[in-house]
Structures are given as C-alpha cells and as structure tokens.
Amino acid sequence: MKSYTVNQIRTMFLEFFQSKDHRILPSASLIPHGDPTLLLTVAGMVPFKRYFLGLEKPVSPRIATSQKCIRTGDIDSVGKTDRHATFFEMLGNFSFGDYFKKEVIPWAWEFVTQHLELPPDRLWVSIYLDDDEAFEIWHNVVGLPAERIIRLGKEDNFWETGSGPCGPCSEIYLDRGPEFGCGEPTCRPGCDCERFLEFWNLVFIQFHQDGDTYTPLKDKSIDTGMGLERVAALLQGKTSIFEVDHIKPIVDAVGALAGVSYGAGPETDMSLRVIVDHLRAVTFLVADGVLPSNEGRGYVLRRLLRRAVRHARLLHIAGPFAERVVDLVVEQMKGAYPELVERQEYVKNVVRLEEERFSATLEQGLRLLQELVEEARKSGATVISGADAFQLYDTFGFPIDLTREILAQDGLTVDEAGFKAAMEAQRERARKSRTAHGYLDSRLDAYKELAGAVTTEFVGYECFDAKAKVVGLIVDGHSVDSAKQGEQVAVVLDRTPFYAEGGGQVGDQGLITTDTGVVRVEDVRKPVEGLVSHLGVVEQGYVSVGSPAQASIADELRRETARHHTATHLLHKALKDILGEHVNQAGSYVGPQRLRFDFTHFQAVTAEELRKIEQEVNRQILRNLPVVPAITDLETAKEKGAVALFGEKYGDEVRMIQVGDYSLELCGGTHVQATGEIGVFKILSEGSVAAGVRRIEAVVGSEALAYIHAQEDVLQQLQAKLQSKAEQLPEQVERLLETNRALEKELAELKKQNLLGSLDALLSSAEKVGQASLVVAEVAAEDPEELRELGDRIRDRLNPVAVLLGAKSGDKVLFVSMVSKPLAQAGVHAGNVVKKAAQICGGGGGGRPDMAQAGGRLPEKLAEALEESRQYLRQQLEGIVL
C-alpha cells in the first residue's frame, strides 16, 4: 500500500468529491449550532441535521467536509487500545435528496481503490440483512465477490433512534491479515478480533421511523463517515492511530517531557496516549469557545484536562505542562485549522488556569482518600463504598482506576457496583437535563409541515407594524385551524415586524389582531428556517388560519432593546481597546431592561479599568455616530475586519452593523440609527462566571437614568441620617467603622473573660470515672465556635477527659463533644456521644472519634439529653485501663 500523510488524505478526499459536484465546507464548530439535543459535535452529519430533517434548505444538495468531532462514550478505553480516541476528524460526503446508493457505493470503491490505492483483494464490506439493493451494487456494479459481502443485523448495520429519518448502512473493512485475527475459520467482518478494521460507513437514509413502522422516504439521502486517523494508520502501516504522522510527534515530545520513550511499556504508553488524545480534544474545545465548568460541555472539557494531568503525574511530569502540549497540537494542526494560531495564547491561558486549579483539587482528593483508608483500617473494613469513590471521581476528578490503584497499595478494594450505580444515576440526570434525542429527531414536525408550504418575511428592520395573514396555528405541538380565547398558541404569519429571539437579543412582544380576536405575543422564535413563531395567548375571541391580521410590536420595548444592543457593540470594542485583543464575546443577553455581556479575560477588571470602559462607551455615544446595517457575503465582511463570534454559524450572506469609524460586527439584531439615541451607559456589575470568563451587566437610556436616580436617593438618605454633605460621607463612615471595630474588640475581651470564668467552674465540677475525668454541662454560648474553644481548653487542662457541652441558642440546641486521644484509642467515640444527645433534642450530627458537634431543635430537652449522655459516658469510661 502507498503511504499518505493525514493532510494528503484529507485533501484527496475533498478534491475527489469536489470533482463529483460536491460543495466543500469547512469544519463546523465542536459546539452544535442551534441543537439542544447534543452537547458536542460527535459526527460529520451533526452540522446538517436540520437539512436531513427538512427543517432548513441545504446550501447545496451535495456537500463534503472534514469535520472535527469529539466522543467521550468510550473515554475509559482511550490509551488501552490502538484505535480509541475522544478527538478525531471525520471525512464525510452527504446527499440531501439528490444521489443515493447507485452513486455513492461505486464512488466509495473508486476512492479507496484508485485514490487511496488500498488493495481490492483485501477489502470487505458489510450490509444490512435484507438490503438486496446494496448487495446488487456491490456485487454486480463494483464487482466485489459475494463471499466478501457480509450481511449483519440491526445492531451493526442499521441507523435508527425510534423516530425520524433512518436507514440501513454499509461498512467498508480492510483485512489486516491473519496475524491480527482470532484464528477461527469463521473470522470475518463483525468478529470481535482486530483482523478486520472498519474505516468507512455509508448510511442510506431511506425510511421515516415511527415506533415499529418504517415508511419509505420520497427524498432519500446519504450520510457517510470515514475516520481520518484510522485510515491514515492503515495507509501508513501503523497498528495505532497514535503512530500516524501528525500525532506521533506530539507523543514523542510528551515522552521527552516525562523522560520516557513510547513503546517502553504498556502503562507508559497508555499514559502518553491519554495525555495526547485528551489535550488534542482540549485544544480544539477551548478554541471553539468551550470553557471548564461542572456541567454540560464544560464538564467534558474539565474531565478531559484533569485525566490528562493525572496521567502526567503518573509519568512524573512536574509542574504545569498542558500549555506546552497545546503548542505541540497547534503546530501539527495549524495547516488544516489556521484559526488555532489566532487563538493559541487564549487556549493556553484557559488550560493553564484549569491545570493550576486541579493541582489544588488533586491534593484535596488525595487527603480525602487517605482519610477513607485510615477509617477503613480502624473499622477493619476492606472495601471503600461506591458512593465515596464516586465523590472522589465527581468532585475531585479522580478516575476510578486511580482510586483503585491507591487503595490496592493498602490492601483495599472499591465497591465497583456501587460506583457504577452512582455513575449511572448521574448519567440519567444528564440525559434528562438535556432532553436527549438521537441520530435524527422529529420534534418539530408541526413546523416542518408548514415550512414546506409557507415562509415568513421579516419586515421588522423597517417598521413596527405590518399587515399580514395567519398561515399557521400550533397548539400543544399540533397544527390546528383555529385557537380560542385563553389558549396558548404559536402563530405563524406570512410577514411580520416581530424580531425572533437570536444573537442574544430577546424576541419582541406585542399584539396580533384579526377581525375575530387578539393574540398577545409574549415571545418570538425561529423554530425552522424561513418560519417565525409568535408565542402567546389568545386574549380575545378566536383566531383562524387564513385570516388577515395586523401585527404590532411594543414599540417602546423594541427601542429600549435596540439601545441596549447597540451599546453591547460599543462595549465589546471598548473592552478590546482597554483590556486587550484577547477579549472576545463569550455570550450575551440583550433586553429592554438591561444588557449582559460575557467576555474572555483572565483576571478581575479593576475599578480603574471599569471607569475607563464606561467613559469610552459614553464618549462614543456623545459622538452620535451613525449606525449603518449592510448585507454582504461572509468573505467580504471578513476582509473589511468585521468581528465574528466564537461558534456562530454564518451563511453565505451576512449582515454587518457599522458604528461610525468605531465598530464593525456581524449581527442580525435591531439597533438605533445613531449612538446618541442610547442616551447614557452605566455599568452595574462585573464578575466571574467561569474560568477565564468575566461578565459585565449594564443599563442604558431610561433604565440608566432610573438606576442613577435610585443611587441618588440612597445617597440623600445617608446624608440625612448622618447629617453630612456627600463629600464628607467617606470620612464619616470610616469614623463609624473605627468605633465599631473598637467596640467589637471590647466585646471579644468581655466574652473571653466570661469564658475563663465558665472554665474554672467546669474544671471544678469535673468528676472522676476510673482513670479519666468527665465533664458534662450546659453552658452559655452563642455559636459552635465558642463551644469548641471551651471544650479545647477543658481537654488541655484535664487529660484524659471526655467532654460534652450543650448550649441553647434561640430555638435551637448546640452540642460539642471532645475526647482525649488515649480515650478515643480505647474506644470512646465523640461522634457517638453527640449523636445520642442530639437525637433526644430532635436533631442529629456526628464527627471524628476525638471531636464532634451536632444540633437539635428542642431546647426544652437539653437537660434530659445531657443527663442521659452523662450516664452513657460513665459506662464507657468505667473499666478503661490506660
């Protein structure tokens, strides 16, 4: 076989399908655009789901891409096998109602045999059990021998999810030779051994599934996927994807950091593979705008980075290292993904901060694990609970194999079943939280039916009112002919001035009026391409499909929203000018009452910087710059320097908003005509929302004036109460604070004296039980800290001693118990003591053998609780020989 580099294979694939009249598109973001059913882009077809569902018109009936993808379902297998990875590129060609099996199967054969030059006599294919059409094409058109066409069942060769488009598939395999096989005479594609390696899957979308019913589609489609790294390994004669030309240099460089060589041993190789794979994924995720967090795709990123760091520690790589691997990844991938170079420093900053955070977390987790080991030793247990192991995994990022390895050193094991149960419970919560749907879903059927017949023209840039016609009504997810008073309804018009929520801007509100009724519109969305859905309630009468209507937006709300939206553009530019070009928009909210702007920055914005930002935005407002929209193509907009947003999906035609000579952004929102209409800009707050992401909230126009008036009211009230002028308030407040600090110091001294007085009384009341002292008493204490301090002092003065102190605090009871170390070693347990006392007072608690605290909600039972605990402790102490 002829060897080709990864870049050569990618180029050959795209050029081949370009010669077959396919439009070549760049890889989409790893963040699925407008798809709440997926956390990440997991396959080449994900960016085109709405095309397959008929919800949007394809930019071309034939498309080919090399799509970056991430899958974490088999994350625990990464490093252990030759072919598992979380990050990979998928080559794919797609047909949307255009060509089908008779075209794609011969093309696939042509590409793999004539362009990749794979030996035809070593190629096998699988097809679905009863897909005779595919068999005929493979056998009679391509000429593949029948014995190398294997029929497999639904589990292997049929794509379906329970509803929506689906169909059989055909997979192409390379026979790597008997040395990779199991030796069985029945070995063939579908066998679990490594001999037959699948590298290209052709999916034939030809049915619509509804439960057990499969209806043939009128317009059939094609979705194929070829793993780029996998086919590169085949062509380069490598047994592992980690040895191909654009990954092996990273593996070797990481090995050099660790002072080890790839191939030195299975454990070393596994760690090197995990580090390289996970940091390839991390680099692309952060470059596409994902940031570490404890949920969603941010949690995926955090887990990948932390697993990489943990394996680096196993290889004894000292100190921060991940950002150095980011440089290696960018160097290898910049040819195909030049945007990595632009975002390289940003990615490194995010990775460095997260690695530093995990370094602290790692130490905390190790301490907790050590505590669990010590408790197990004392109790004689040999198994750590699955719940504890899951806490280490979920809170501290400890993979189960790390926990298992550390426990084994102490002769302990982990409750694997309990861990898996906790893991599955979390996965179930995650599935429910994202309302997961499968390969293709059909939740928007009612809109899809309308989309084939009508479209909505948006006229809201030019006017606030428009004559229209009701072309669709949807109630409870179903198309209806009419909706009556009180019903929640989605109204589709043929033309509308209502802006649909998008780009961070809220949807318009207003009224739709017909001859027979009125709908109050509360929100506006774009469920499918070409349709605008007005969500609201029928307030009067009824509305019917076909009725003429008057659509009117709430004009003052629109104007206030426009003021806030234009202000976000000014704010974005001011942030870049004052904080640096690394600032990029990471999210926004624009409404009539306020704006929220999230941006990438790695430290708190200082008060001085905030003042400069606010002054700069207001300076541009006072310049009364013209705000001019323009429609152009994406390339022209980029050439002019228009700012585009992370992860945003843009069509061939884009809308630019130019604010004088100051700002130029791609934006589909509504804006003022000149910046002077904004009035005034006032920042309300600035803070952190995630690692490397800050948030500014601000108001403009009448909302800003209302805020300023409210602040003036507070100032005037303070002036009246303190009888001071505004400029004298800081000095007067400082004097009050100094007086308060002096009083607090005096009070603390009085409490200390009172505590010492109580201490003497308690020491003198101690009773001798066997060889130990016993102190059980009600004391005057306001909080647990005072109780602990008193208990500590008693334990220091009387040794060995068992102490139980109780105090009434309002309608609650506080307990603290302390036991000298010799008594704790002899079996007296402070946690058991407070637990018993607290239960009598209607509460609970516990703690360590030497110190524990608890609470209750029945102060009238305190005396009873103390007396019973006294008797309990006497029994514990009698007979103890120290």
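Before reading further, recall that the structure is shown in the block above.
Being a predicted model, the structure only gives us computed values, none of them experimental.

1. As for the environment of Glu155
- Looking at the secondary structure, you find Glu155 in helix 5 (residues 154-157).
- In this structure Glu155 comes out as exposed when scored by relative accessible area, which is 79%.

2. Quick notes on the packing of helix 20 (residues 701-722) against helix 21 (residues 729-765)
- At their nearest, the axes of helix 20 and helix 21 sit 11 Å apart, and the two run at 60° to each other. As far as their axial angle goes, helix 21 and helix 20 are oblique. Like other packed secondary-structure pairs, helix 20 and helix 21 cross with a definite hand, here left-handed. Here Leu715, Leu718, Gln719 and Leu722 of helix 20 come into contact with helix 21, specifically with Leu729, Gln732, Val733 and Leu736.
- The class makeup of the residues in the contact of helix 20 with helix 21 is six nonpolar, two polar and no charged.

3. With respect to helix 3 (residues 101-115)
- Here helix 3 spans 20 Å end to end across 15 residues, near enough to the 21 Å set by a 1.5 Å rise per residue.
- Within the sequence span of helix 3, burial applies to Lys101, Val104, Ile105, Trp107, Ala108, Trp109, Phe111, Val112 and Thr113.
- Looking at the residues trailing helix 3, positive phi occurs at Glu117, about 60°.

4. Considering the packing of aromatic side chains
- If you walk through the whole model with that rule in mind, you get 27 aromatic pairs.
- Centroid distance Phe13 to Phe17: 4.9 Å. Interplanar angle 50°. Geometry classified as tilted. You can see Phe13 and its partner Phe17 sitting in helix 1 (residues 6-18), four residues apart, about one turn around the helix. Comparing Phe13 with Phe17 shows no difference in burial state: the two are buried.

5. Examining the state of the cysteines
- Tallying each qualifying case throughout the model produces zero disulfides.
- A disulfide-free cysteine, Cys191 has its sulfur positioned 3.6 Å from the sulfur of Cys193, the nearest such atom.
- The partly exposed category is assigned to Cys191, whose relative accessible area is 30%.

6. Focus on the environment of Leu570
- Secondary-structure assignment places Leu570 in helix 17 (residues 555-579).
- A residue is classified by how much of its surface remains accessible, and Leu570, at 0% relative accessible area, is buried.
- Note: C-alpha distance between Leu570 and Glu103 (467 residues apart in sequence) is 52 Å.
- The contact partners of Leu570, leaving out residues within four places of it in the chain, are Val617, Gln620, Ile621, Val659, Tyr662, Thr675 and Ile678.

7. Some remarks on unusual backbone geometry
- Put simply, Asn799 and Pro800 share a cis peptide bond, and its omega is 5°.
- Along the chain, Pro800 falls in the loop between helix 22 (784-797) and strand 31 (801-809).
- With a phi close to 65°, Asp21 is a non-glycine residue in the positive phi region.
- Structurally, Asp21 can be placed in the loop between helix 1 and strand 1 (23-24).
- Judged by its relative accessible area of 60%, Asp21 falls in the exposed class.
- Residue Gln723 is not a glycine yet carries a positive backbone phi of 55°.
- With respect to the secondary-structure elements, Gln723 resides in the loop between helix 20 and helix 21.

8. A closer look at the environment of Val672
- On the secondary structure map, Val672 appears in the loop between strand 26 (663-666) and strand 27 (681-690).
- On a C-alpha basis, the gap between Val672 and Glu560 in space is 9.2 Å, while along the polypeptide they are 112 residues apart.
- Residues in contact with Val672, not counting those within four places in the same chain, are Ala562, Arg563, Thr566, Val627, Glu677 and Ile678.

About the thresholds
- Residues numbered from 1 in each chain as written.
- Predicted model: local features only at pLDDT ≥ 70, side-chain atom pairs only at ≥ 80, totals over all residues.
- Heavy atoms only, no water.
- Helix = DSSP H or I, 4+ residues; strand = E, 2+ residues; numbered from the N terminus.
- Buried < 20%, exposed > 50% of the residue type's maximum accessible area, 1.4 Å probe, protein only.
- Axes fitted to C-alpha atoms, helices over the stretch in contact; angles between N-to-C directions.
- Parallel < 35°, antiparallel > 145°, perpendicular 65-115°, else oblique.
- Left-handed = near helix turned anticlockwise from the far one by under 90°.
- Contact = heavy atoms within 4.5 Å.
- Nonpolar A, V, L, I, M, F, W, Y, C, P; charged D, E, K, R; others polar.
- Expected span 1.5 Å × (residues − 1).
- Phe/Tyr/Trp six-rings, centres within 6.5 Å; stacked < 30°, edge-to-face > 60°.
- Disulfide = S-S within 2.5 Å.

Read these as layout, nothing more, since geometry by itself doesn't imply function.
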